[in-house]
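The residues making up each chain are set out below.
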Amino acid sequence: MGNIRVLVADDEKEIRDLVKKYLERELYQVDTAVDGEEALRLFENHKYDLILLDLMMPGIDGIEVCRRLRNLTNIPILMLTAKDQEIDKVLGLGIGADDYMTKPFSINELVARIKAHLRRFLVLGSEADSAADAEESLIRYKGLTIDLKKYSVIIEGEETALTAKEFELLKFFAAHPEQVFTKTQIFRQVWGSAYLEDDNTVMVHIRKLRKKIEADPSDPKWIQTVWGIGYKFAGEKDEA
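Residues numbered from 1 in each chain as written. Predicted model: local features only at pLDDT ≥ 70, side-chain atom pairs only at ≥ 80, totals over all residues. Heavy atoms only, no water.

1. Things to note about the nonpolar core
L53 and I186 are the most contacted members of the largest nonpolar core, which has 54 residues in total. A total of seven residues in this core trace back to one element, the largest contributor, which is helix α6 (residues 164-174). Not counting the four nearest positions on each side in its chain, I186 is found in contact with L169, F172, F173, F181, W191, V202, I206 and Y231. Counting 19 residues, the second largest nonpolar core, distinct from the first, contains I4, L23, L110 and I114. (Core = buried A, V, L, I, M, F, W, Y, C linked by side-chain atoms within 4.5 Å. Buried < 20%, exposed > 50% of the residue type's maximum accessible area, 1.4 Å probe, protein only. Helix = DSSP H or I, 4+ residues; strand = E, 2+ residues; numbered from the N terminus. Contact = heavy atoms within 4.5 Å.)

2. Describing the sheet that holds strand β7 (residues 144-147)
Reading across from one edge, β6-β7-β8-β9 is the order of the four strands in this open sheet, with antiparallel pairing throughout. Pairing within the sheet leaves two strands with one partner each, and these edge strands are β6 (138-141) and β9 (158-160). The mean inter-strand angle of the sheet, taken between neighbouring strand axes irrespective of direction, is 20°. Direction of pairing for β6 relative to β7: antiparallel, over a ladder of four bridges. In the strand pairing of β7, L138 is matched with D147. Docked against the sheet, α6 engages β6, β7 and β8 (152-155), running at close to 115° with respect to β7. (Pairing = 2+ DSSP bridges. Axes fitted to C-alpha atoms, helices over the stretch in contact; angles between N-to-C directions.)

3. Things to note about the packing of helix α7 (residues 183-190) against helix α8 (residues 200-213)
Any two packed helices are characterised by the angle at which their axes cross and by the distance between the axes. In the contact formed by α7 and α8, the axes pass within 9 Å of each other and the chain directions differ by 80°. Relative to α8, α7 is oriented roughly perpendicular. Across from K183, I186 and F187 in α7, the residues of α8 making contact are T201, V202, M203 and I206. (Parallel < 35°, antiparallel > 145°, perpendicular 65-115°, else oblique.)

4. Structural notes on the pairing of β8
Strand direction decides the pairing type here: β7 and β8, joined by four bridges, are antiparallel. Within the sheet, the bridge partner assigned to I146 lies in β8 and is V153. Two strands pair when backbone bridges link them, and β8 and β9 are joined in this way by three bridges, in the antiparallel orientation. Within β9, the position partnered with I154 by the bridge is E159. Two successive antiparallel strands, β8 and β9, enclose a turn made up of two residues, where E156 displays a positive phi of approximately 50°.

5. Thoughts on helix α2 (residues 36-45)
Of the residues making up α2, those classed as buried are G36, A39, L40, L42 and F43. On an axial view of α2, the arc spanned by its buried residues comes to 160°, and they lie on one face. The exposed residues of α2 that point more than 90 degrees off its buried face are E37, E44 and N45. Packed against the buried residues of α2 are β1 (5-9), β2 (29-33), β3 (50-54) and α3 (62-70). The residue sitting at the N-terminus of α2 and contributing the capping side-chain oxygen is D35; that oxygen lies 3.3 Å from the backbone nitrogen of E37. (Arc of directions from axis to C-beta. Polar contact = N/O pair within 3.5 Å; in protein donor to acceptor, adjacent residues only side chain to side chain.)

6. A look at the packing of α2 against α3
The interhelical angle for the contact between α2 and α3, taken along N-to-C directions, is 20°, at an axis separation of 9 Å. When the axis of α2 is compared with that of α3, the two are roughly parallel. The way α2 lies across α3 gives a crossing that is right-handed. In this structure, α2 contributes G36, A39, L40 and F43 to the contact, and α3 contributes V65, R68 and L69. Here the residues of the contact of α2 with α3 sort into five nonpolar, one polar and one charged. (Left-handed = near helix turned anticlockwise from the far one by under 90°. Nonpolar A, V, L, I, M, F, W, Y, C, P; charged D, E, K, R; others polar.)

Okay, structure coming up:
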């Protein structure tokens, strides 16, 4: 795991040092940035597998950094926020973050979440390559194609850009058509954790995903709400 590289951006030295120390115990390479400008500069010069961003940093804040990075990469981005208001959490997720934690946080839980995101992004990516070799790289529905090898999604003939978490979410749904899942079940399968902190994590990602893949997000064709239970994927298989 020594080839995994993580960028930690936070204006608090104690947090940077603590996270760096614990991640290096996992044999990750860790770079740190004191603000958003340095984070963007480091990203230009290095290849990262995951980025941890503080929401409130001097100069360019974490939200703007996340927005810029999301236009360039689909690697997991986790946000740290000292604010507990729901709007901050939703905003962080709404601009492309894959997860968030509120300060003060448990360093062991943070490391566990980072490992889970890396495992899904890197290990499942390798599994997707293996599936491609076995000619199983495409999931096809009428109007929708998911390419597991290229990590891409085609909607009605046009490629649609998704974040890493949005892609994993869509892939999970498409692999289990017509099955109804609760928010907790979805979180366990897609986020790799058994503990769902609050419903908004799943709800916000599904809302974002619908905006990108649905012709009418208010009347979704693919990811449908099953009231009182959760969600299901509805689609007609394309056998071509």
